Amino acid sequence: GTSAGAAPPISFNEALQYFQTADLSECRKKVRATVRRRGLAALVRFLFGPPRLQPQLQGERELALAMAQCGLDDNERVHMRILQTIYKKLTRSRLGCPRYGAHWEELGFQGADPGTDLRGTGMLGLMQMLYFVMDSRTLPLAQEIFKLSQHETQAPAVTLVLLQNFPFCIMSVNITRIVIQALREECLSRECNRRQQVIAVLNDLYAAAFLQLYRVWKWQHKTLADSGFLLKELELSTRKKPKQLLKSLEAYVNRSPAADGFQQPSPPSASVGGEEINFTGVCDLQIELEGEARLI
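These numbers were taken from a predicted model, which means no experiment stands behind them.

Caption draft 1: Representation of the nonpolar core. F19, I82, L126, M127, F132, I175 and F210 are the most contacted members of the largest nonpolar core, which has 83 residues in total. At 14 residues, the largest contribution of residues to this core is made by helix α12 (residues 199-219). Among all residues touching F210, those that are not within four sequence positions of it are F132, I145, F168, M171, S172 and I175.

Caption draft 2: Molecular detail of the packing of α12 against helix α13 (residues 227-240). Axis separation between α12 and α13 bottoms out at 11 Å; the angle between their running directions is 140°. As summarised for this structure, α12 and α13 are arranged oblique, according to the angle between their axes. The crossing of α12 and α13 is right-handed. In this structure, α12 contributes L205, A209, Q212, L213, V216 and W217 to the contact, and α13 contributes S227, L230, L234 and T238. When grouped by side-chain class, the residues that make up the contact of α12 with α13 number seven nonpolar, three polar and no charged.

Caption draft 3: A look at α13. Spanning 14 residues, α13 covers 20 Å between terminal C-alpha atoms, matching the ideal 20 Å at 1.5 Å per step. Of all the residues in α13, the buried ones are S227, G228, F229, L230, L231, L234, E235, T238 and R239.

Caption draft 4: Geometry of helix α2 (residues 12-21). The complete set of buried residues in α2 reads F12, A15, L16, Y18 and F19. Take α2 and look down its axis: the buried residues cluster within an arc of 155°, on one side only. Within α2, the exposed residues directed more than 90 degrees away from the buried face are N13 and T21. Along its buried surface, α2 packs onto α5 (58-67), α6 (77-91), α8 (122-134) and α12.

The rules we used
Residues numbered from 1 in each chain as written. Predicted model: local features only at pLDDT ≥ 70, side-chain atom pairs only at ≥ 80, totals over all residues. Heavy atoms only, no water. Core = buried A, V, L, I, M, F, W, Y, C linked by side-chain atoms within 4.5 Å. Buried < 20%, exposed > 50% of the residue type's maximum accessible area, 1.4 Å probe, protein only. Helix = DSSP H or I, 4+ residues; strand = E, 2+ residues; numbered from the N terminus. Contact = heavy atoms within 4.5 Å. Axes fitted to C-alpha atoms, helices over the stretch in contact; angles between N-to-C directions. Parallel < 35°, antiparallel > 145°, perpendicular 65-115°, else oblique. Left-handed = near helix turned anticlockwise from the far one by under 90°. Nonpolar A, V, L, I, M, F, W, Y, C, P; charged D, E, K, R; others polar. Expected span 1.5 Å × (residues − 1). Arc of directions from axis to C-beta.

This is the structure:
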């Protein structure tokens, strides 16, 4: 653990090059095919749905899904450097940290071992966090979200202090799961075809979704009790309005008036049928899908 902590930070591109050349054959075997639809759902999808991903982009899509099946390996130096870089960037520390310990809970993992929280997202979950903190455009946003996840705020005209803290890394993993499903359902094909990229689109959608969650959480004074509902709303947005989310991110990183003049959306209810929705764990988020669709 000490040698990994002493290693220099790793860039997203360097980490991606590692996965592009690594043997992921076992991970690729676990990747499920594109979501299939039958009957009327298939016909509606054909007539009105997004286009298919172009053949030359299929390899990059398969790489992303293979990374999502790749677990955190203590023996892989690149894996450990990714983990340490995320820690250093979020905590703004120059020092590394032990591989296991309570310090990971402070970052928002559920326990002393971050690897146990990556089911369903694998190394793609860490890669998207790495992108978030290593891209100069999104690092300020990542640090602002991390700051909000750790502190409490005073609600206006209310004496009760509302705890707005939330587990940052678990929230991040949930967002990656949502982005993966949008990819599997081909909701991102039009944007991927336009940009001739897949992983870059996934990363931008991840950051855009986190930005949307941050804005609603901060300005509407949301708490952990609201998180399940907000994640479901976010899942719908990534499937139905990915272009709108991406434009919002572009406005934010370019610091256009649209970024600072954020209009607070109408407050959503934090309950369904009178039953409170609690924060979902990394493997608890249930997404209703059509046909045979399932989370990978």
